[in-house]
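# Coordinates in review
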Amino acid sequence: MAKKETTAFQLDMINGPIFRNLIAFAIPILISNVFQQLYNTMDTAIVGNTLGTNSLAAIGSVNSVFDLLTGFCIGIGNGMAIVTGRCFGANDENRLKQSVAGCIIIGFFSCIFFTILASLSVRPLLHLINVPEELIDESYSYIIVIILGLVVMFAYNTLASVLRAIGNSIAPLIFLIFSSVLNVILDIVLITQAHMGVAGAAVATVIAQGVSAVLCVLYILKKTPLLIPQRQHFKIDAAMYKDLLGQGYSMAIMGAIVNAGSVILQSGINGLGSDLIAAHTAARKLYMFFFMPILSLGIAMATFIAQNAGAKRADRIIAGMRTSYLTNVGLAAVISVFLLLFADVLISLLAGTDDPNIVHNGGLYLKVVGPNYAVLGVLMNTRYALQGIGKKILPLISSVIEFVMKILFVVAFIPLYGFMAVIFCEPVIWVVMTLQLLISFWGSDYIRAARRGEIMEV
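First, a word on what this report is: a plain description of the structure on this page. (Residues numbered from 1 in each chain as written. Predicted model: local features only at pLDDT ≥ 70, side-chain atom pairs only at ≥ 80, totals over all residues. Heavy atoms only, no water.)

### A word on a nonpolar patch on the surface
Nonpolar side chains collect at one region of the surface, where Phe-108, Phe-109, Ile-112, Ile-116 and Leu-120 lie side by side and expose about 540 Å² of accessible area between them. By the secondary structure assignment, Ile-116 is in helix H4 (residues 93–128). (Patch = residues over 30% accessible without salt bridge, like charges linked within 9 Å, V, L, I, M, F, W, Y side chains within 5 Å. Areas by Shrake-Rupley, 256 points an atom, 1.4 Å probe, with all protein chains shown as cover. Salt bridge = Lys/Arg side-chain N within 4 Å of Asp/Glu carboxyl O. Helix = DSSP H or I, 4+ residues; strand = E, 2+ residues; numbered from the N terminus.)

### Considerations on the packing of aromatic side chains
Applying the stated criterion across every chain yields a total of 13 aromatic pairs. Ring centres of Tyr-287 and Tyr-373 lie 5.9 Å apart, and the angle between their planes is 15°; on these two criteria the pair is classed as stacked. Of the two residues, Tyr-287 is situated in helix H10 (residues 274–310) and Tyr-373 in helix H13 (residues 373–388); the sequence distance between them amounts to 86 residues. Of the two residues examined, Tyr-287 and Tyr-373, each falls in the buried class. Through pairs of rings, three or more aromatic residues link up here, namely Tyr-287, Phe-291, Tyr-373 and Trp-430. Its end group placed over the ring of Tyr-140, Arg-123 keeps NZ or CZ at 4.1 Å from the ring centre. (Phe/Tyr/Trp six-rings, centres within 6.5 Å; stacked < 30°, edge-to-face > 60°. Buried < 20%, exposed > 50% of the residue type's maximum accessible area, 1.4 Å probe, protein only. Lys NZ or Arg CZ within 6 Å of the ring centre and 35° of its normal.)

### Comments concerning unusual backbone geometry
One non-glycine residue, Asn-91, adopts positive backbone phi at about 65°. Residue position: Asn-91 is located in the loop between helix H3 (63–89) and H4. Residue classification places Asn-91 among the partly exposed positions, given a relative accessible area of 21%. Phi is positive for His-195, close to 55°, though the residue is something other than glycine. With respect to the element layout, His-195 can be found in the loop between helix H7 (170–193) and helix H8 (198–223).

### A closer look at the pattern of salt bridges
Using the criterion set out here, one finds 10 salt bridges in the structure. Of the charged contacts, one joins Asp-137 and Arg-123 as a salt bridge, the two residues approaching to 3.8 Å between their closest N and O atoms. Placement of the pair is Asp-137 in helix H5 (residues 136–148) and Arg-123 in helix H4, with a sequence separation of 14 residues. The closest approach of N and O atoms between Glu-426 and Arg-284, which form a salt bridge, is 2.5 Å. One end of the pair, Glu-426, is in helix H15 (residues 419–442); the other, Arg-284, is in helix H10, and 142 residues separate them in sequence. Per residue, the accessibility class of Glu-426 equals that of Arg-284, and both read buried. Through salt bridges that share partners, Arg-284, Glu-402, Lys-406 and Glu-426 make up one connected network.

Distances and angles like these do not, on their own, reveal function.
Here it is in structure tokens:
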């Protein structure tokens, strides 16, 4: 394509001020993530306040399984969208359409396979991770609905990712706001009126994601023909599919390793009793909410890196990374102060209880995690950057580090120190992972060549 096709919602990530464009691109992603987290939090709040602590613990006991399953499918889509972003940056319309066609084919069959696999194995998994016997049935009724909706969740997140890959972060936001409001309404109706219990929260989430996916499809058909592949683009191109599979599955496997470690960590938490499970569940929901600015900047950087790698602008990649690091430190400082002041109050409101054991432990978790958002932000941005410049294995090493260290905490530290080991587990792991990623990125052949003024193909 001689000139990149644009819509009113697209931003130019290859030219112009880096900080301004990153922030302008990240803000809609932030609002999207806040709304997405809002309806996840509403699930928790409605369950906690209407169905009680045991039902809240039932959802919390399978949070890590939820993250493992959905994260794998979403990771495939997000990873493949890196290839789409590179094609857009390289101004290659034909390969861009091929990449979208590949996303559809690979993603669909991958999700079907993992839906069947997860449906058959989830109940034994609940026993394996020590979900308390009194919570098993409720936990299963929640997670099985999520499993059956994996294709729907994949569809929305992949469509949103390819839109972001060409610089459009606003359209996915609009659709997500609509579906978030729908999700909250469905939560209330299905849980409090239809008396579906925790399964109602899962059904509401799947329906809302489905509406988002349909809206994305309609928008692309009407406003973004650049992303619509024709019949010839579905012909399998070995090099393209190798790149898509490599990026998609490296990100998915990376997420799976991380989340498998979280499943193991959850097994340690599940042995601490319902009160601490509830405290951890409420704290993790709030942790994810305050993590949103960091995550949004990371997603923006993924698009920034992919497009500039495609455009052979290594100078902007280096400058963008430095800008993102400083921005993360500033965000973490603001979040930390807020959590020091209000963590306990927020835990009490979300968990629907004044139980001092739940409030104190949940609040302490957030106060420790707060300052470490800076480390987590650097970790995420560096990991995305490595994938953006074509390094598929090095980010996986960091995930293996996390997996091994979570096993170590479950086996050695949680039995000795209880919930305090849970609180410090991830911050300690983040520091180790970040060091490995920083050495890998800044010592890579791509960055060394860029500093010499040379251009390397990705």
